[in-house]
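# A look at the structure
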Amino acid sequence: MIQEKIPCSTDAVILVGGKGTRLRPLTLSTPKPMLPTAGVPFLSHLLARIKAAGITHVVMGTSYKAEVFEEYFGDGSEMGLEIEYVVEEQALGTGGGIRNVYDRLRHDTVMVFNGDVLGGTDLTKVLDTHAAKDADLTMHLVRVSDPRAFGCVPTDAEGRVLEFLEKTEDPPTNQINAGIYVFKRELIATIPPGRPVSVERETFPRLLEEGRRVFGYVDQSYWRDMGTPDDFVRGSSDLVRGIAPSPLLEGRTGEGLIDDTAGVSDGAWLLGGSVVGRGSEIGGGARLESTVVFDGVKVEPGAVIENSIIGAGVTIGANARISDCVIGEGAKIGARCELKGGMRVWPGVVIPDNGVRFSSDA
Ligand code: GDD
Ligand code: MG
């Protein structure tokens, strides 16, 4: 198969060392790429896409909660991959993380992934563009409505990258860094070892200044950075509904996804790509809309939950109403409480029955 020819000679590197601060408190116990997303740790979807593209050697650059990754994925053989882990004692940043795995690389072409991006781009096409342009570095780029939170990457008519502007208030274009790079291996050796380096703020601007051949591959594939609660909820819902592609969900998409060990009572509603995790129980008349319910959660009858993430072991009392919230592990939300508008409940917090209410027009 032609598709497999190029990727087999490619290493994958996944950056998963970030602290996931914007997803606290969920990331206090679990690193962001391991949060359950459409029934499996988020990273499983990315690994399945890497495998489907024919790449088998994967190096993970870890730091924060490094052990969790290896405990779950092991040597990768169950997924048909060969996974290695390189731990940063002190977080080295994105560039430092890439440099830190240099001696594990086997091939001259290295595909680097930000570990928190849910995407549908054709990886083989990114690699083909890299080869066709004889590029030193190729970046996957997408267009977004608000580029300020990302790396802004203007290109010329041939796709050559003109500038790399990380998180700028006044971006000259809405074309942004989508978090997949194809490096020539020798370029990675030019990143200074043993100290924190931001690939976005230090390495990319330097490579451009040196006149290296840096190209963009732009497409309109599904793309979402899962770094905030809102994006996490939407990304998970999009996976469940088949809007975001994942080889792990083919043929299983719909309005809701219920783990085989969960119990959802008759008369409970699961809408908008909601997920119910292992061993969780959803009572009659409860309504979940675009909501991610982790493992071991109890939602009592009549509760209404929208656009929220419910951490492992949480209890939601009868007729509670929760929208746009993150509920930390083991918290107990009493009956008839109302929580909304970006509230985050810390792990283990107990809110008594009727404990928090908003007036209907608040
Ligand atoms: N190994 C390692 N070490 N990985 C790290 C470190 C580190 O010190 N710091 C961050 N990472 C990993 C994160 O785990 C994540 O998978 C990835 O690098 C990107 O970090 P984020 O913290 O999620 O960055 P961002 O979303 O603000 O911005 C980045 O991604 C955007 C696209 O999603 C930048 O690359 C932007 O330019 C880009 O547009
Ligand atoms: Mg991110």
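Please read these numbers as outputs of a predicted model, since none were measured by experiment.

## Overview of the overall build of the protein
- From N to C terminus, the protein includes 9 helices and 30 strands.
- Projected onto its principal axes, the C-alpha positions of the protein cover 65 × 45 × 35 Å.
- Put simply, 51% of the contacts in the protein that link residues at least 6 apart link residues at least 24 apart.
- As displayed, the protein offers around 15,400 Å² of accessible surface, 47% of which is attributable to carbon and sulfur atoms.
- The average position of the 37 basic charges and that of the 50 acidic charges among the side chains of the protein differ by 2 Å.

## Side note on the environment of glycine 251
- Positionally, glycine 251 belongs in the loop between α9 (229-241) and β14 (256-258).
- Sequence separation between glycine 251 and glycine 93 is 158 residues, and the spatial gap between their C-alpha atoms is 38 Å.

## A short note on the domain arrangement of the protein
- As far as domains go, the protein holds domain 1 (10-229) and domain 2 (255-357).
- In this structure, domain 1 and domain 2 have C-alpha centres spaced 33 Å apart.
- Tallying the contact residues gives 13 residues for domain 1 and 14 residues for domain 2.
- Together, the buried faces of domain 1 and domain 2 total about 980 Å²; carbon and sulfur atoms form 73% of this surface.
- When the buried surface of domain 1 facing domain 2 is broken down by residue, Pro25, Leu26 and Pro36 rank first, second and third, together holding 48% of it.

## Topic: a nonpolar patch on the surface
- A cluster of nonpolar side chains, namely Leu28, Trp346 and Val349, defines an oily patch on the protein surface of about 240 Å² accessible area.
- Assignment of secondary structure puts leucine 28 in helix α2 (residues 26-29).
- Residue classification places leucine 28 among the partly exposed positions, given a relative accessible area of 33%.

## Overview of the sheet that holds strand β16 (residues 269-271)
- Across the sheet, which stays open at both edges, the 5 strands sit in the order β16-β19-β22-β25-β28 with parallel pairing between neighbours. Here the strands that pair on one side only, and so sit at the sheet edges, are β16 and β28 (338-340). Across this sheet, the average inter-strand angle for adjacent strands is 5°, counted without regard to direction.
- With 3 bridges connecting them, strand β22 (residues 304-306) and strand β25 (residues 321-323) associate as parallel partners. Each bridged residue has a counterpart across the sheet, and for valine 304 the counterpart in β25 is arginine 321.

## Re the site of ligand 1
- Around ligand 1 sit 26 residues, and of these Gly93, Glu166, Lys167, Glu200 and Asp225 come closest.
- At a separation of 3.4 Å, an oxygen atom of ligand 1 approaches a polar side-chain atom of lysine 32.
- At 2.8 Å from an oxygen atom of ligand 1 is found a main-chain nitrogen or oxygen belonging to glycine 115.
- Here ligand 1 loses 90% of its free accessible area of 740 Å² to cover by the protein chains.

## Side note on the coordination of the magnesium ion (ligand 2)
- Summarising the metal site, the magnesium ion (ligand 2) is bound by the protein donors Asp116 (OD) and Asp225 (OD), whose distances to it range over 2.1 to 2.2 Å. You can see aspartate 116 sitting in the loop between β6 (109-114) and β7 (117-119) and its partner aspartate 225 sitting in strand β13 (residues 223-225), a full 109 residues away along the chain.
- The class of aspartate 116 is buried, set by a relative accessible area of 10%.

## Focus: the sheet that holds strand β18 (residues 281-282)
- Strand order in the open sheet formed by 6 strands is β15-β18-β21-β24-β27-β30, with parallel pairing between adjacent strands. The open sheet is flanked by β15 (263-264) and β30 (350-351), the only strands paired with a single partner.
- Of the strand pairs in this sheet, β15 and β18 are connected by 2 bridges, and their pairing is parallel. Looking at β18, one finds that valine 264 is bridged to isoleucine 282.

## Section: the pattern of salt bridges
- Taken as a whole and assessed by the stated rule, the structure comprises 20 salt bridges.
- Where aspartate 231 meets arginine 224, a salt bridge forms, and the shortest distance between an N and an O atom there is 2.6 Å.
- Given the relative accessible area of 22%, aspartate 231 is considered partly exposed.
- Ionic contacts of the salt-bridge type, sharing partners, join the residues Glu82, Glu84, Asp103, Arg104 and Arg106 into one network.

## Let's talk about a negative patch on the surface
- Together, Glu67, Glu70, Glu71, Asp75 and Glu78 line one region of the surface with negative charge.
- Within the secondary structure layout, glutamate 70 lies in helix α4 (residues 67-73).

## What about helix α8 (residues 199-209)?
- Along α8, the positions that sit buried rather than exposed are Val199, Glu200, Thr203, Phe204, Leu207 and Leu208. Buried residues of α8, seen end-on, are gathered within an arc of 130° and therefore sit on one face of the element. The exposed residues of α8 that point more than 90 degrees off its buried face are Arg201 and Glu209.
- Along its buried surface, α8 packs onto α5 (93-100), β8 (137-143), β10 (165-166), β11 (175-184), α7 (185-188) and β12 (214-218).
- Phi for glycine 211, located one or two positions after α8, is positive at around 80°.

## Observations concerning the side chain of glutamate 84
- Structurally, glutamate 84 can be placed in strand β5 (residues 82-87).
- Separated by 2.7 Å, the side chains of glutamate 84 and histidine 57 make a polar contact.
- Of note is the side chain of glutamate 84, whose polar atom sits 2.7 Å from the side chain of arginine 104.
- Not counting chain neighbours up to four residues away, the residues in contact with glutamate 84 comprise His57, Val58, Val59, Met60, Arg104 and Arg106.

Rules of the game
- Just so you know, the residues in each chain are numbered from 1, in the order the chain's sequence is written.
- Chains carry letters from A onward and ligands carry numbers from 1 onward, assigned in written order.
- With the structure being a predicted model, the display of local features is reserved for residues of pLDDT at least 70 and the display and counting of side-chain atom pairs for 80 or more, all residues being used for whole-chain, interface and lining totals.
- Where side-chain values are given, they derive from all heavy atoms of the structure, hydrogens and water being excluded.
- The helix and strand labels rest on DSSP assignments: H or I over at least four residues marks a helix, E over at least two residues marks a strand, and numbering proceeds from the N terminus.
- Contacts are assigned to residue pairs that have any heavy atoms within 4.5 Å of one another.
- In short, Shrake-Rupley with a 1.4 Å probe defines the accessible areas, and a residue's cover is counted only from the protein chains shown.
- Lys and Arg are tallied as positive, Asp and Glu as negative. Neither His nor the chain termini are counted.
- Lys charges are placed at NZ, Arg charges at CZ, Asp charges at CG and Glu charges at CD.
- Domain segmentation is taken from an automatic or database assignment of domains.
- Here the buried area means the combined drop in accessible surface, using a 1.4 Å probe, for two parts upon being joined, counting both sides.
- A residue counts toward a patch only above 30% relative accessible area and without a salt bridge, and it is joined to like-charged neighbours within 9 Å or, for Val, Leu, Ile, Met, Phe, Trp and Tyr, to nonpolar neighbours within 5 Å.
- We define a salt bridge as a contact between a side-chain nitrogen of Lys or Arg and a carboxyl oxygen of Asp or Glu at a distance within 4 Å.
- Relative accessibility decides the category of a residue: with a 1.4 Å probe and only protein chains considered, values under 20% of the type maximum give buried, values over 50% give exposed, and everything between is partly exposed.
- Here a strand pair is declared whenever DSSP counts at least two bridges between the two strands.
- Note on geometry: axes are C-alpha line fits, over the in-contact stretch for helices, and angles between N-to-C directions span 0 to 180 degrees.
- By convention in this text, a residue qualifies as near a molecule or strand provided that one of its non-hydrogen atoms is within 4 Å of it.
- As used in this structure description, the phrase polar contact means that two N or O atoms lie within 3.5 Å; if the pair is within protein, one of them must be able to donate a hydrogen and the other to accept it, and residues adjacent in sequence are counted only when both atoms belong to side chains.
- Because no water is among the atoms considered, metal sites can look incomplete, with donors defined as N, O and S atoms within 2.8 Å of the metal, or 3.2 Å for Na, K and Ca.
- Here, the arc refers to the directions that run from the helix axis to the C-beta atoms.

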